[in-house]
Amino acid sequence: MGSGPVAGIDEVGRGPWAGPVVACAVVLRREIDGIADSKTLAKLKREALAQRLEAKGVADWALGVASVTEIDRWNIRQATFLAMRRAMARLTVRPVRALVDGRDAPDLGVPTGAVVGGDGKVAAIAAASVIAKVHRDALMAKLARRHPHYGWATNVGYGTPEHRAGLDRFGVTAHHRTSFAPVRARLAGGPPLTA
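Residues numbered from 1 in each chain as written. Predicted model: local features only at pLDDT ≥ 70, side-chain atom pairs only at ≥ 80, totals over all residues. Heavy atoms only, no water.

### Notes on unusual backbone geometry
Point 1. In this structure, asparagine 75 takes a positive phi of about 100 degrees despite not being glycine.
Point 2. Along the polypeptide, asparagine 75 turns up in the loop between helix 2 (68-74) and helix 3 (76-90).
Point 3. Classification of asparagine 75 as partly exposed rests on a relative accessible area of 38%.
Point 4. Positive phi outside glycine occurs at valine 156, with the angle close to 45 degrees.
Point 5. Structurally, the position occupied by valine 156 is in the loop between helix 5 (152-155) and helix 6 (161-170).
Point 6. Classification of valine 156 as buried rests on a relative accessible area of 8%. (Helix = DSSP H or I, 4+ residues; strand = E, 2+ residues; numbered from the N terminus. Buried < 20%, exposed > 50% of the residue type's maximum accessible area, 1.4 Å probe, protein only.)

Dropping the structure here:
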């Protein structure tokens, strides 16, 4: 395999009850201090790191999103792979290979390796996790302004007690994943779907 750019790819949002899954593909142009798995970084540090990564000349990066409709249609695994393929396709540089966080990876059109715990081992994967999380968190905060009863500004769609209470009281929105059991259960016997 020849030398050339290597893309790191990670996703955010497999487990939440609401919102899309977001993937990011990153080709680092230079080393950046402080890169780590996004889950280990405090919010302000993560946001500052994302700004540094997104600065001109630091990295080539692109996002890919799979919607709630796509998650419900194909399942979260296939939707995650779709988001990863979309992120890879949007890169302005063509990597010679890709490294994906996790146990398996989609066909990305280049030799691809799956790295378990890759967001803690490979700088480009960690960078992808940071950018993806910052962008998805911002999207969920924006949705929270329109749907304030679920706590999305802080729980970003995960199944917290506040989110559960919001579902019980206000029902299911168009941003909820109806294929996920807690949401499906509320649709079966709960309030009607809300926009």
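Moving on, there is more to tell.
### What to know about the pattern of salt bridges
Point 1. Applying the stated rule across the entire model yields nine salt bridges.
Point 2. Ionic pairing is found between lysine 133 and aspartate 137, a salt bridge with its closest N-O pair at 3.1 Å. Remark: aspartate 137 and lysine 133 occur in helix 4 (residues 123-146); sequence separation between them is four residues, near one turn of the helix. Note on accessibility: lysine 133 and aspartate 137 belong to one class, buried.
Point 3. One salt bridge in this structure joins aspartate 168 and arginine 186, with 2.8 Å as the shortest N-O distance. A residue pair is termed long-range when its members are at least 10 positions apart, and aspartate 168 in helix 6 and arginine 186 in helix 7 (residues 181-189) qualify at 18 residues. (Salt bridge = Lys/Arg side-chain N within 4 Å of Asp/Glu carboxyl O.)

### Examining the sheet that holds strand 2 (residues 21-28)
The pairing of strands in a sheet happens through backbone hydrogen bonds and is either parallel or antiparallel.
Point 1. A sheet is described by the order of its strands in space; here five strands give the open sequence 3-2-1-4-5, paired in mixed fashion. At either margin of the open sheet sits one strand with a lone partner, and together these are strand 3 (59-66) and strand 5 (112-115). Strand-to-strand twist in this sheet, taken as the mean axis angle between neighbours without regard to direction, amounts to 20 degrees.
Point 2. Where strand 4 (residues 97-101) lies against strand 5, four bridges are found, and the strand directions are parallel. By the bridge assignment, valine 100 is partnered in strand 5 with alanine 114. (Pairing = 2+ DSSP bridges. Axes fitted to C-alpha atoms, helices over the stretch in contact; angles between N-to-C directions.)

Honestly, that's just the spatial picture; any functional story needs more than this.
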